[in-house]
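Reading the structure
Each chain, letter by letter, is given below.
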Amino acid sequence: MKTTSFRVTALAAAVMALGSLTACGSDEGSGGSDGEASGKIAFLMPDRASTRYEEQDRPLFEKKVEELCEDCEVLYQNADGDPNKQQQQANSAIAQGVKALVLDAVDTKAAATIVENAQAQDIPVITYDRPITTKPADFYVSFDNEGIGKMIAESLVKKLDADQAEGGLLMVYGSPTDDAAQLIKKGMKAGVEGSKYDILAEYDTPEWNPQKAQDWVSGQITKFRGEIAGAVAANDGTGGGTVAALKAAGIEPVPPVTGNDAEVAAIQRIIAGEQYNTISKPISIVASAAAEAAVAFLKGEEPKGDTELFDTPSQLFTPEVVTSENVKKVIFDSGIYTADQVCTGAYAAGCKKLGIS
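Residues numbered from 1 in each chain as written. Predicted model: local features only at pLDDT ≥ 70, side-chain atom pairs only at ≥ 80, totals over all residues. Heavy atoms only, no water.

1. Some thoughts on the sheet that holds strand β8 (residues 228-233)
To be explicit about the condition: If DSSP finds at least two bridges between two strands, the strands pair. In this text, helices come from DSSP runs of H or I with a minimum length of four residues, and strands from runs of E with a minimum of two, each type numbered from the N-terminal end. Think of each axis as a best-fit line through the C-alpha atoms, taken over the contacting stretch in the case of a helix, with angles from 0 to 180 degrees between the N-to-C directions. Should any heavy atoms of two residues lie within 4.5 Å, those residues are considered in contact.
The strand order across the open sheet formed by three strands is β7-β6-β8, and the pairing between neighbours is parallel. Since the sheet does not close on itself, it has two edges, and those belong to β7 (199-204) and β8, each with one partner. When the angles between neighbouring strand axes are averaged without regard to direction, this sheet yields 15 degrees. One ladder, built from five bridges, connects strand β6 (residues 168-173) with β8; its direction is parallel. Paired with methionine 171 across the bridge in β8 is valine 232. Its contacts with the sheet place helix α6 (residues 179-192) against β6, β7 and β8, and it is angled at close to 170 degrees to β6. Strands β6 and β8 of the sheet are contacted by helix α8 (residues 236-248), whose axis makes an angle of about 155 degrees with β8.

Set out below in structure tokens:
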């Protein structure tokens, strides 16, 4: 997989290449000569542990669908980290007559049943963010998850080398039931392989739960106090839990900790010097691509991917590592967040220091 990053403009250009997906179809969501479409599209997200699904993915997906197809309706559900609840939500969406189903699975193995049930009723399934590895979907839209893991780990290793750090690493992975987390994990391991920093301990965080990550890291601090050079955390939630554990243990300054997703809280921690990096994944890119693919299916067209992953046509995008050195340019100058959203209270001074206004 590709691991080099490029700017949002390049990502946007890649999405524009999907322009063939944006046409609409008939009233029943099938192909029609009038070039219009209507129908219901299910958008099923996995949890609220990561704030991005409610704050970014949902509104951006709904906005893009509305732009592409004014007669389309999005049925949104969040499974709250419960695979059984997600199965029920999928069954309900199918019963309500959806013409396409966009799925970010809680448990990517269990969700194969959702794919199978939908396809049995001729409902195309677009897997989103997290792949289904055991049952081919109709289309997959995501970022390069293995590349993300490698990027954050390599960035951390370079930071530690520059600081002439000594010690080893804590590896805080994502959910063991999430195949995207396993790809990130593979990349994280590749990113530290060959470095001088041994892995002190590693952990698969159930349900990506920040509190569980914090509790585990707290236990490792007891075992390895004075030996922790840094921590490679798979996302901003586990990264935030790691930072909280280090601060609670009185370890100052906090050693470099990674993240992923560019949540507001993570950007604030980077500005405050508490988290070293995160990954900027412009959610508008993947949300738009998923919306375009869904509307194309309603028209009766098959969206074209740029690769194939797990026997599924796939569109993968490569995001960008964010540190304090480029946070202004990547996050604020590009319009992902505004200073009003991030530079509040205790973070105002750090923003000012970095020229963010």
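2. Regarding the pattern of salt bridges
Pairing between side chains becomes possible if they bear opposite charge and their charged atoms approach one another. Threshold: By salt bridge we mean one thing: a side-chain nitrogen of Lys or Arg within 4 Å of a carboxyl oxygen of Asp or Glu. Buried, partly exposed and exposed residues are distinguished by accessible area as a fraction of the type maximum, computed with a 1.4 Å probe on protein chains only: under 20%, between the cut-offs, and over 50%, respectively.
Tallied over the full model, the rule gives 22 salt bridges. With its nearest N and O atoms 2.9 Å apart, the salt bridge here joins arginine 130 to aspartate 178. Within this pair, whereas arginine 130 is found in the loop between β4 (125-128) and β5 (139-143), its partner aspartate 178 is found in the loop between β6 and α6, the two being separated by 48 residues in sequence. As far as burial versus exposure is concerned, arginine 130 and aspartate 178 are alike and both buried.

3. Some details on the sheet that holds strand β10 (residues 307-309)
Paired through their backbone hydrogen bonds, the strands of a sheet run either parallel or antiparallel. Strand order in the open sheet made by the seven strands is β2-β1-β3-β4-β5-β11-β10, with mixed pairing throughout. Across the chains shown, the open sheet's two edge strands, defined by having one partner strand only, are β2 (72-78) and β10. Looking at each pair of strands side by side, their axes are set apart by 25 degrees on average, direction ignored. Note that β5 and strand β11 (residues 312-317) share four bridges and pair parallel. Within β11, the position partnered with phenylalanine 143 by the bridge is phenylalanine 317.

4. A look at the packing of helix α2 (residues 52-68) against helix α10 (residues 283-299)
Definition in use: Oblique is the label for any angle not under 35 degrees, not over 145, and not in the 65 to 115 range, which are roughly parallel, roughly antiparallel and roughly perpendicular in turn. Left-handed is the label given to a crossing in which the near helix is rotated counterclockwise from the far helix by less than a right angle, and right-handed is the label when the rotation is clockwise. Each residue gets one label: Ala, Val, Leu, Ile, Met, Phe, Trp, Tyr, Cys and Pro are nonpolar, Asp, Glu, Lys and Arg are charged, and the others, such as Gly, are polar.
Running from N to C, α2 and α10 point in directions that differ by 45 degrees, and their axes come no closer than 8 Å. Considered as vectors, α2 and α10 are oriented oblique to each other. Considering the relative orientation of α2 and α10, their crossing is right-handed. Along the contact surface, α2 presents Arg52, Gln56, Asp57, Leu60, Phe61, Lys64, Val65 and Leu68, while α10 presents Ile283, Ser284, Ala287, Ser288, Ala290, Ala291, Glu292 and Val295. When grouped by side-chain class, the residues that make up the contact of α2 with α10 number nine nonpolar, three polar and four charged.

5. A closer look at the nonpolar core
Within soluble globular proteins, side chains that are nonpolar tend to cluster in buried spots. Quick note on the threshold: For this analysis, a nonpolar core means a set of buried residues of the types Ala, Val, Leu, Ile, Met, Phe, Trp, Tyr and Cys, connected via side-chain atoms within 4.5 Å.
Membership of the largest hydrophobic core comes to 55 residues, with the highest contact counts inside it found for Ile41, Phe61, Val102, Tyr128 and Val232. Ranked by residues supplied to this core, first place goes to α10 with 12 residues. Excluding residues that lie within four positions of it along the chain, valine 102 makes contacts with Ile41, Ala42, Phe43, Leu44, Phe61, Ile126, Tyr128, Ala290 and Ala294. Of all hydrophobic cores here, the second largest spans 19 residues; its members include Ala42, Ile94, Leu101 and Leu103.

6. Considerations on the environment of valine 102
Among the structural elements, valine 102 can be located in strand β3 (residues 98-103). Accessibility expressed as a relative area gives 0% for valine 102, which makes it buried. A C-alpha to C-alpha distance of 4.8 Å links valine 102 and phenylalanine 43, two positions 59 residues apart in sequence.

7. As for the pairing of β4
The cut-off we apply is this: Look down the strands so they point away from you; if the path from the first strand over the helix to the second goes clockwise, the crossover is right-handed.
Burial along β4 is two-sided: the residues Val125 and Thr127 and Ile126 and Tyr128 are all buried. Summarising the sheet, β3 and β4 pair through three bridges and their orientation is parallel. Its bridge partner being in β4, valine 102 is matched across the sheet by isoleucine 126. The β-α-β motif built from β3, the intervening helix α4 (residues 112-120) and the parallel element β4 has right-handed crossover chirality. One ladder, built from three bridges, connects β4 with β5; its direction is parallel.

These figures come from the coordinates and say nothing about function on their own.
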